[in-house]
Each structure stands twice: as C-alpha cells, then as structure tokens.
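Chain by chain, the residues run as shown.
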Amino acid sequence: MSTHSQIQFLAHASFQITTPEGHVILIDPWYTNNPAMPADLKIPEKIDLILITHGHRDHLDSKMVDIIRTKSPKVIANPIVRFYLQEQGVPEHVFEQMNAGGTVNILDMKVTMTNAFHFAHINLPDGKIGYPHASNGFIVWMSDDVSVYYSGDTGVFSDMELIGEIYEPDIAILPIGDRFTMGPLEAAFAIRLLKVKHVIPCHYGSMPTLSGTPEKLAALTEDVERLEIHVLKPGETLDTNIIKSRYR
C-alpha cells in the first residue's frame, strides 16, 4: 500500500483521489455521456466516498443514483443535492451530512465544505430544471499530510484569502475555462489570494465555449514565486509524493 496519495484527473472537472489507505474518493464524477472522458476510464469497482459540489449535469452524473446503489459509497453533497438524491431513493444513511464551514472526519481523512460562487440547479429526468442552490467547494486532508482545495465551479472571491490562511492547502484544483467559471485572469488572482504553490487547472478545453487555457494562466502568474501548475491530461495522475519531496 502506498504511503502517499494520488490525484487522478478524469476529465473536465472530475477527479479521483486514492489515499494512502487505499480509499477511493470521486469528486464531481461525470462519466455518463462525457465527451472528454477517455474510453478506457470506467467507473471504479471500489468507491468509498463521493464528494458533490453542485447539481449541474457536468458535475452530478445522470446515473448517480445507480452508481451509489451499486457501489455503496458514503456521499457528501451540497445539501440541496442531497435532498434531491434522497427523493430519488438514495437512503439517508448513505450521506455524511454537513454544510459550508463544517469539517468531518471520515475514512482516515478530514473533509471541510467551503463556499463557492456559482448559480446552480439540477437537470431533472423529465427535461425540466429544479432545485436551485448555491454551489460549494471542499478541502480534503489526507493522512500523508497533504491537503487539496477543490474550489468547484466558482468565480474568484476575496474570502479565498481566508481559505488560504485557515486551511493552508498544498494543492488547489481551480477552474480556468471562463464563461461559466473563473478564467485564467480570475484564477491568477485566486492563486495569489490562496497563497498556494501547486495548482491543477480544470474545467477548460472540454467544450467549445471554454476559452481559458493553462498557457494563459501560466503567463499571468509568472511572477508568483515557486508556483507549479500541474497540467494533467484526462486520465493522468499526480502523485503527492512529488509535492512532499519539494520545498513547500
């Protein structure tokens, strides 16, 4: 068993984290009809925890109820998304209930729910939309002493400075695609507010309307000392041992 965590970029804004204990965590998984997902990436046989930031279809898989039913993970979801999934038949005991600002201990980790700024809804099976709600982000601390801030879909906001001061994340996973989330300009400000030195960009390049690129982000952050932007292709993995072995 590994002594460090692995962060796999699945596609778009979906990630899989494997902890030193072998726990498998999915963040905003979107497998069904995801054009950016490599064909060889399948839903894992083992899923221990699913984190869901909001109900848009590119973050809440349309077959989420079936995934939960067949894989039996614990789920931490935006409260409105949780209510929706319960109404679709997911038992209440599946969920680790929490809300923005709270922290829970689960599966040899700590998970904190943070604010995000993004208008959200759920695409209902009948083709309509409903369940309007605020989005959120997560901080995940693993047992190898590496913490990851997954901002979720969001614009930049000044309280990212507080997130950086309070939680001191080692890695930030930030959207950079623009139009629906931060673009490179706003993400460059987010990096400075968070004072983070390792960044994984996401939510770009998977749709024609997403114009932001890692190259633009790198150009706007050239002056940030020791910043490393880890550009992962769908399916690629970042081993946190790389981060721990470098000056942090």
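Peer 1: Account for the pairing of strand S11 (residues 198-202), naming residues and giving values.
Peer 2: Counted residue by residue, S11 has 5 buried out of 5 residues, so it is predominantly covered. Side chains His 198, Ile 200 and Cys 202 of S11 all project onto a buried face; the interleaved residues Val 199 and Pro 201 project onto the opposite face, where all are buried too. As paired elements, strand S10 (residues 171-175) and S11 share 5 bridges and run parallel to each other. Note on S11: the bridge partner recorded for Ile 171 is His 198. Crossover connection from S10 via helix H4 (residues 184-194) to parallel S11: handedness right-handed.

Peer 1: I'd like to hear about the nonpolar core, residue by residue, with values.
Peer 2: In this structure, Phe 15, Leu 51 and Ile 76 are the most contacted members of the largest nonpolar core, which totals 29 residues. Element by element, the count of residues in this core is highest for strand S7 (residues 109-123), at 3 residues. Not counting chain neighbours up to four residues away, the residues in contact with Leu 51 comprise Ile 25, Leu 26, Ile 27, Asp 28, Pro 29, Ile 76, Val 111, Phe 138 and Val 140. In terms of nonpolar packing, the next biggest core, distinct from the first, is built from 23 residues, Met 37, Leu 41, Ile 67 and Ala 77 among them.

Peer 1: Which residues make up the sheet that holds strand S1 (residues 6-11), and what are the values?
Peer 2: Within the open sheet, the 6 strands sit side by side as S5-S4-S3-S2-S1-S13. Their pairing is mixed. Here the strands that pair on one side only, and so sit at the sheet edges, are strand S5 (74-77) and strand S13 (237-239). Neighbour-to-neighbour, the strand axes of this sheet turn through a mean angle of 15°, independent of strand direction. Relative to strand S2 (residues 14-18), S1 runs antiparallel, the two sharing 5 bridges.

Peer 1: Which residues make up the pairing of S10, and what are the values?
Peer 2: Side-chain positions along a regular strand alternate between the two faces of the sheet. Among the 5 residues of S10, 5 are classified as buried, and the element is accordingly described as predominantly covered. Here S10 shows two buried faces, one formed by Ile 171, Ile 173 and Pro 175 and the other by Ala 172 and Leu 174. Both strand S9 (residues 147-150) and S10 contribute to a ladder of 3 bridges, which runs parallel. Counterpart to Val 148 in the pairing with S10 is Ile 171.

Cut-offs and rules
Residues numbered from 1 in each chain as written. Predicted model: local features only at pLDDT ≥ 70, side-chain atom pairs only at ≥ 80, totals over all residues. Heavy atoms only, no water. Buried < 20%, exposed > 50% of the residue type's maximum accessible area, 1.4 Å probe, protein only. Helix = DSSP H or I, 4+ residues; strand = E, 2+ residues; numbered from the N terminus. Pairing = 2+ DSSP bridges. Right-handed = clockwise from strand over helix to strand, strands pointing away. Core = buried A, V, L, I, M, F, W, Y, C linked by side-chain atoms within 4.5 Å. Contact = heavy atoms within 4.5 Å. Axes fitted to C-alpha atoms, helices over the stretch in contact; angles between N-to-C directions.

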